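Letter by letter, the chains look like this.
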Amino acid sequence: ATAQLARLQLGYATIRAPFGGVVGAKLAFPGAVVKTNDTDLAVINRVRPLYVSFAVPERHLPALRAAMARSHGLGAEITLPGVADQRFAGQVRFIDNAVDSATGTIQMKATLANDQELLSPGQFVNVSLTLDVLRDAVVVPVEAVQQGPHGPFVFVVKPDQGVALRPVRVDDHQQGLAIVAQGLAAGETVVTDGQLRLTPKSRVKIKTDAGSAAQAGRKRE
């Protein structure tokens, strides 16, 4: 009975975490006064897996719900700012039930295995979601698209080196490219620089550098 009582008292002096993780700096030192359920001794953060919280603008909500229903799950790609060659695969596990009226965004969470513990809790990351794949879409650099009183337009270079103002309908922007849904065909050349000096009767000279002009092409995935 004495040995059992000693084991019981020793059990009170042993603290076990309910989950595995990494212990941070100790918050209580020998000689300090502590109180049950009131004094923090240390903070344990779970690192495998990690839960990534992020917000998505509400305008993407219909496409987001359609993508989740279509694939019975939505993958997420996590990258570190400034580190393009290191990517981590995650899975979206949670979407909030209401849009934040103050920010116009909806909160989401994704899980990340983090088996090698390369990421830490609280770290800032970039999250990318693939909601749809547009095949044979006509894309141009975003610099080519201008805004006018009647909506977006581009300057198209004609075979005689003249330019024509062409209204277009842009569906979305992605990684510096504008997806043109209407008004432009693949293979046409558009102006990406110096649009303020152009008029419908202007003539241009195409330079060889990439920053002066670009061809509208088809993006295949």
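Residues numbered from 1 in each chain as written. Predicted model: local features only at pLDDT ≥ 70, side-chain atom pairs only at ≥ 80, totals over all residues. Heavy atoms only, no water.

Engineer: Can you lay out the overall build of the protein for me, pointing to particular residues and giving the numbers?
Structural biologist: Each helix and strand in the protein was counted, giving two helices and 16 strands. A compact globule built from 221 residues would reach a C-alpha radius of gyration of about 17 Å, whereas the protein, at 28 Å, exceeds it by more than 25%. Residues counted as buried form 28% of the 221 residues belonging to the protein. Restricting to contacts in the protein with at least 6 residues of sequence separation, those with at least 24 account for 61%. Only carbon and sulfur atoms are counted for the fraction: they give 52% of the accessible area of the protein, which is about 15,500 Å². (Helix = DSSP H or I, 4+ residues; strand = E, 2+ residues; numbered from the N terminus. Rg over C-alpha atoms; globule rule 2.2 N^0.38 Å. Buried < 20%, exposed > 50% of the residue type's maximum accessible area, 1.4 Å probe, protein only. Contact = heavy atoms within 4.5 Å. Areas by Shrake-Rupley, 256 points an atom, 1.4 Å probe, with all protein chains shown as cover.)

Engineer: Give a description of the confidence of the model for the protein that names residues and reports values.
Structural biologist: A residue-level look at the protein finds 93% of positions with pLDDT of 70 or above and a mean pLDDT of 85. Overall, residues 216-221 carries pLDDT values under 50, and its contacts beyond four positions in sequence, including any with other chains, amount to 22 contacts. (pLDDT = per-residue confidence, 0-100.)

Engineer: Describe a nonpolar patch on the surface, naming the residues involved and giving the relevant values.
Structural biologist: Together, Leu-5, Leu-8 and Tyr-12 make up an exposed nonpolar region whose accessible area comes to about 350 Å². Among the secondary structure elements, Leu-5 is positioned in helix H1 (residues 2-12). Residue class for Leu-5 comes out partly exposed when judged on its relative accessible area of 45%. (Patch = residues over 30% accessible without salt bridge, like charges linked within 9 Å, V, L, I, M, F, W, Y side chains within 5 Å. Salt bridge = Lys/Arg side-chain N within 4 Å of Asp/Glu carboxyl O.)

Engineer: Can you explain the nonpolar core? Please cite residues and give values.
Structural biologist: Across soluble globular proteins, nonpolar side chains show a tendency to be buried alongside one another. In terms of nonpolar packing, the biggest core is built from 21 residues, with Phe-54, Leu-64, Ile-78, Met-108, Leu-112 and Leu-119 touching the most fellow members. Going through the elements one at a time, strand S3 (50-57), helix H2 (61-71), strand S4 (75-80), strand S5 (83-95) and strand S6 (105-112) are the ones with two or more residues in this core. With sequence-adjacent residues up to four places away left out, Ile-78 is seen in contact with Gln-86, Arg-87, Phe-88, Gly-90, Leu-112, Leu-119, Val-125, Asn-126 and Val-127. Listed in part, the eleven residues of the second largest apolar core include Val-138, Ala-144, Ala-178 and Val-190. (Core = buried A, V, L, I, M, F, W, Y, C linked by side-chain atoms within 4.5 Å.)

Engineer: Can you explain H2? Please cite residues and give values.
Structural biologist: When we look at burial in H2, the residues that qualify are Leu-61, Leu-64 and Ala-67. Angularly, the buried residues of H2 cover 125° about the axis, an arc narrow enough to put them on a single face. Residues of H2 that are exposed and point more than 90 degrees away from the buried face comprise Pro-62, Ala-69 and Arg-70. On its buried face, H2 is in contact with S3, S5, S6 and strand S7 (126-129). Looking one or two residues beyond H2, the residue adopting positive phi is Gly-73, at roughly 145°. (Arc of directions from axis to C-beta.)

Engineer: Go over the packing of aromatic side chains, please, and point to the residues and values.
Structural biologist: Inspection of the entire model under this criterion finds one aromatic pair. Seen from their ring centres, Phe-153 and Phe-155 are 5.6 Å apart, and the 85° between their planes marks the pair as edge-to-face. Judged by its relative accessible area of 14%, Phe-153 falls in the buried class. According to the relative accessible area criterion, Phe-155 is buried, its value standing at 5%. Across the ring face of Phe-94, the terminal group of Lys-109 is positioned such that the distance to the ring centre comes to 5.8 Å. (Phe/Tyr/Trp six-rings, centres within 6.5 Å; stacked < 30°, edge-to-face > 60°. Lys NZ or Arg CZ within 6 Å of the ring centre and 35° of its normal.)

Engineer: Describe in detail the environment of Pro-57, supporting the description with residues and values.
Structural biologist: Among the secondary structure elements, Pro-57 is positioned in strand S3. We classify Pro-57 as partly exposed; its relative accessible area is 36%. In this structure the C-alpha to C-alpha distance between Pro-57 and Asp-100, which are 43 residues apart in sequence, comes to 9.6 Å. With near-sequence residues (within four places) excluded, Pro-57 lies in contact with Gly-104 and Thr-105.

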